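Structure assessment
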Amino acid sequence: MNAPTKNRIISVDAIRGFSLFGILVVNILSFHSPHFVYGGKQSFYETMATNGEIVDSSLILTVIDLFFQASFYPLFSLLFGIGLWIMYEKRDSLEAKRILIKRMFILMGIGLLHGIFIWYGDILFSYSIVGLIAIRFLQVSIKKLLIWAISLLAVPTILFTLAAYSVREQMVVVYEHEINKATEAYRGTYSEIFQQNLSDWLLMVDPIQLLLTVMTILPMFLFGIIIGRLRLFDDVKKYKQMIWRIIGVTFVIAVVFKAGPYLFENKMWLNFMQDSIGGSASAIFYFFALLMLLTSLQKTSILVKLFSSVGRLSLSNYLLQSIIGFWLFYGVGMNLYGTQPLSKLMLFVVIIYFIQLVVSYFFLKKFRIGPFEWLYRSLTYGKIMGFKEK
């Protein structure tokens with residue numbers, strides 16, 4: 001394996017590892033209470049401030065909304081698109097498509113198990129569906145890929161935002177009955193947790209909700225395929241001018257669409273635009289900004305090694321975050337559901353992610369691959385893959 005390929009893998013793995021931190025920041029709110037789904041998040045965490053809030057909850061929610069919400073799962077989607085192209089270019093096109101399709105169906109199975117039995121907020125099921133669609137774009141020209149990606153972001157966003165504006169006064173709704181029901185269930189037995197989780201998961205995969213998710217994720221897959229085909233990470237110095245332009249443009253778009261809605265008193269009708277356009281732009285900004293940063297660091301840097309280790313075990317670490325969240329917050333574990341202020345939740349995020357950094361680093365000293373990556377690959381190729389380092 002040549003040096004550029006090594007650098008490319010380390011960079012992409014490190015960015016993937018960092019994206020898992022951002023994903024956890026947002027996901028922990030869903031693990032902790034039903035307000036992320038059923039409304040009333042702001043008032044709920046203002047009430048929680050009496051439980052020992054260190055930092056103003058409104059400030060924390062604003063930081064999450066501006067810098068994390070809808071920014072890191074698109075970043076993960078972009079990385080997924082890069083991974084699709086890397087796998088595709090290594091093999092004959094027919095064989096590559098066959099393997100990729102099989103991988104998507106296996107990922108769909110993992111996502112279903114994760115979403116139904118552990119946490120309703122699973123993204124793997126949606127990724128598998130989008131992945132099956134994205135495979136059909138692998139041989140499309142870069143120009144057409146770019147047109148498709150921009151169109152899939154812009155057209156639904158404009159239509160949905162116009163529709164939301166027409167009913168903007170009715171959009172601020174808090175479903176108190178559902179909140180009380182979910183809170184009681186998630187603090188109960190596993191049977192009660194399972195029934196509530198299944199109900200919430202079915203809400204997440206409702207055809208309209210799933211379509212909106214696909215419309216947001218698919219463009220990022222396509223942007224990832226474009227980046228993979230252009231191999232922008234093989235020689236960053238060569239593409240430095242282009243990359244800095246992309247960083248500048250996406251930064252401006254992210255600021256306008258992420259922060260702009262805060263100029264409106266009622267910004268609920270702008271949420272989809274804020275997430276789809278602002279979130280996608282910030283994801284692209286994060287990718288290239290991190291790529292430039294990683295290029296300036298030595299690949300032997302301990303920070304690069306730590307983040308790339310988490311990234312190499314991304315599937316295992318993503319599922320582990322759900323298992324930890326399940327144990328921390330639900331009634332069958334520590335039963336902290338709906339009891340923690342935001343500052344403590346963010347402290348949980350830092351502790352969990354720090355543990356993942358350290359454990360992933362030392363795990364890869366002994367093993368070649370993570371437990372769920374091993375299962376994923378073994379099922380894909382129909383044989384037991386090597387697990388330990390030789």
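All of these numbers come straight from a predicted model, not from anything done at the bench.

Considerations on the overall build of the protein
When helices and strands are counted, the protein shows 17 helices and zero strands. Since a compact globule built from 390 residues should have a radius of gyration of about 21 Å, the 21 Å found for the protein is in line with a globular shape. When the backbone C-alpha atoms are referred to their principal axes, the protein occupies close to 55 × 45 × 40 Å. Within the protein, the fraction of its 390 residues that count as buried is 52%. For the protein, the proportion of contacts with a sequence separation of at least 24, taken over those separated by at least 6, is 79%. A total of about 18600 Å² of accessible surface is found on the protein, and carbon and sulfur atoms cover 68% of it. Charge-centre separation for the protein: the mean point of 35 positive side chains lies 17 Å from the mean point of 22 negative side chains.

Some points on the packing of helix α15 (residues 314-329) against helix α16 (residues 342-366)
The geometry of a pair of packed helices is captured by two quantities: the angle between their axes and the separation between those axes. In the contact formed by α15 and α16, the axes pass within 11 Å of each other and the chain directions differ by 135°. Taken together, α15 and α16 sit at an angle that is classed as oblique. Crossing geometry of α15 relative to α16 is assigned as right-handed. Residues Asn 317, Leu 320, Gln 321, Ile 324, Leu 328 and Phe 329 of α15 pack against Leu 345, Phe 348, Ile 352, Gln 356 and Ser 360 of α16.

Details of the packing of aromatic side chains
Applying the stated criterion to the full structure yields 34 aromatic pairs. Each ring, one from Phe 18 and one from Phe 72, has its centre 5.8 Å from the other, and the planes form 55°; the classification is tilted. A residue pair is termed long-range when its members are at least 10 positions apart, and Phe 18 in helix α1 (residues 3-32) and Phe 72 in helix α5 (residues 72-89) qualify at 54 residues. The interplanar angle of 65° and the centroid separation of 6.1 Å between the aromatic rings of Phe 125 and Trp 201 together place this pair among those described as edge-to-face. One end of the pair, Phe 125, is in helix α7 (residues 124-135); the other, Trp 201, is in helix α10 (residues 190-204), with 76 residues separating them in the sequence. Of the two residues, Phe 125 and Trp 201, neither departs from the other in class, the shared state being buried. We note Arg 103 situated over the ring of Tyr 376; from NZ or CZ to the ring centre the distance is 4.4 Å.

Overview of the side chain of Asn 27
Looking at the secondary structure, you find Asn 27 in helix α1. Not counting chain neighbours up to four residues away, the residues in contact with Asn 27 comprise Trp 119 and Tyr 318.

Observations regarding the environment of Gln 42
For Gln 42, the position within the fold is in helix α3 (residues 41-48). The spacing of Gln 42 and Asp 92 is 50 residues in sequence and 52 Å in space, taken between C-alpha atoms. Filtering out sequence-adjacent residues up to four positions away, Gln 42 remains in contact with Ser 58 and Leu 61.

Description of a nonpolar patch on the surface
On the surface, a nonpolar cluster with roughly 470 Å² of combined accessible area is contributed by Ile 54, Val 55, Leu 59, Val 63 and Phe 67. Tracing the chain through its elements places Val 55 in the loop between α3 and α4 (57-67). Residue classification places Val 55 among the partly exposed residues on the basis of a relative accessible area of 38%.

Looking at the nonpolar core
Among the nonpolar cores identified, the biggest contains 113 residues, and Leu 29, Phe 287, Phe 288, Phe 329, Tyr 330, Leu 345 and Met 346 are the most heavily contacted of them. Once residues lying within four places of it in the same chain are set aside, the contact partners of Met 346 are Val 25, Ile 28, Leu 29, Ile 60 and Ile 64.

Some words on the environment of Val 255
Its location among the elements puts Val 255 in helix α12 (residues 240-259). By relative accessible area, Val 255 is classed as partly exposed at 39%. Residues Val 255 and Leu 357, spaced 102 residues apart in sequence, show a C-alpha to C-alpha distance of 30 Å.

Things to note about a positive patch on the surface
Together, Lys 90, Arg 312, Arg 368 and Arg 377 make up a positively charged patch on the protein surface. Along the chain, Lys 90 turns up in the loop between α5 and α6 (93-117). Using a relative accessible area of 59% as the deciding quantity, one classes Lys 90 as exposed.

Topic: the pattern of salt bridges
Where charged atoms of side chains with opposite charge meet at close range, the side chains can pair. Tallying each qualifying case throughout the model produces three salt bridges. Across the salt bridge formed by Arg 16 and Asp 13, the nearest N and O atoms sit 2.6 Å from each other. Of this pair, Arg 16 and Asp 13 are both found in helix α1, three residues apart, which corresponds to roughly one turn of the helix. Where Asp 234 meets Arg 231, a salt bridge forms, and the shortest distance between an N and an O atom there is 2.6 Å. Taking the relative accessible area as the measure of exposure, Arg 231 reaches 25% and is therefore partly exposed. One network of salt bridges, with partners in common, ties together Glu 89, Arg 231 and Asp 234.

Criteria and thresholds
Residues numbered from 1 in each chain as written. Predicted model: local features only at pLDDT ≥ 70, side-chain atom pairs only at ≥ 80, totals over all residues. Heavy atoms only, no water. Helix = DSSP H or I, 4+ residues; strand = E, 2+ residues; numbered from the N terminus. Rg over C-alpha atoms; globule rule 2.2 N^0.38 Å. Buried < 20%, exposed > 50% of the residue type's maximum accessible area, 1.4 Å probe, protein only. Contact = heavy atoms within 4.5 Å. Areas by Shrake-Rupley, 256 points an atom, 1.4 Å probe, with all protein chains shown as cover. Lys, Arg positive; Asp, Glu negative; His and termini not counted. Charge placed at Lys NZ, Arg CZ, Asp CG, Glu CD. Axes fitted to C-alpha atoms, helices over the stretch in contact; angles between N-to-C directions. Parallel < 35°, antiparallel > 145°, perpendicular 65-115°, else oblique. Left-handed = near helix turned anticlockwise from the far one by under 90°. Phe/Tyr/Trp six-rings, centres within 6.5 Å; stacked < 30°, edge-to-face > 60°. Lys NZ or Arg CZ within 6 Å of the ring centre and 35° of its normal. Patch = residues over 30% accessible without salt bridge, like charges linked within 9 Å, V, L, I, M, F, W, Y side chains within 5 Å. Salt bridge = Lys/Arg side-chain N within 4 Å of Asp/Glu carboxyl O. Core = buried A, V, L, I, M, F, W, Y, C linked by side-chain atoms within 4.5 Å.

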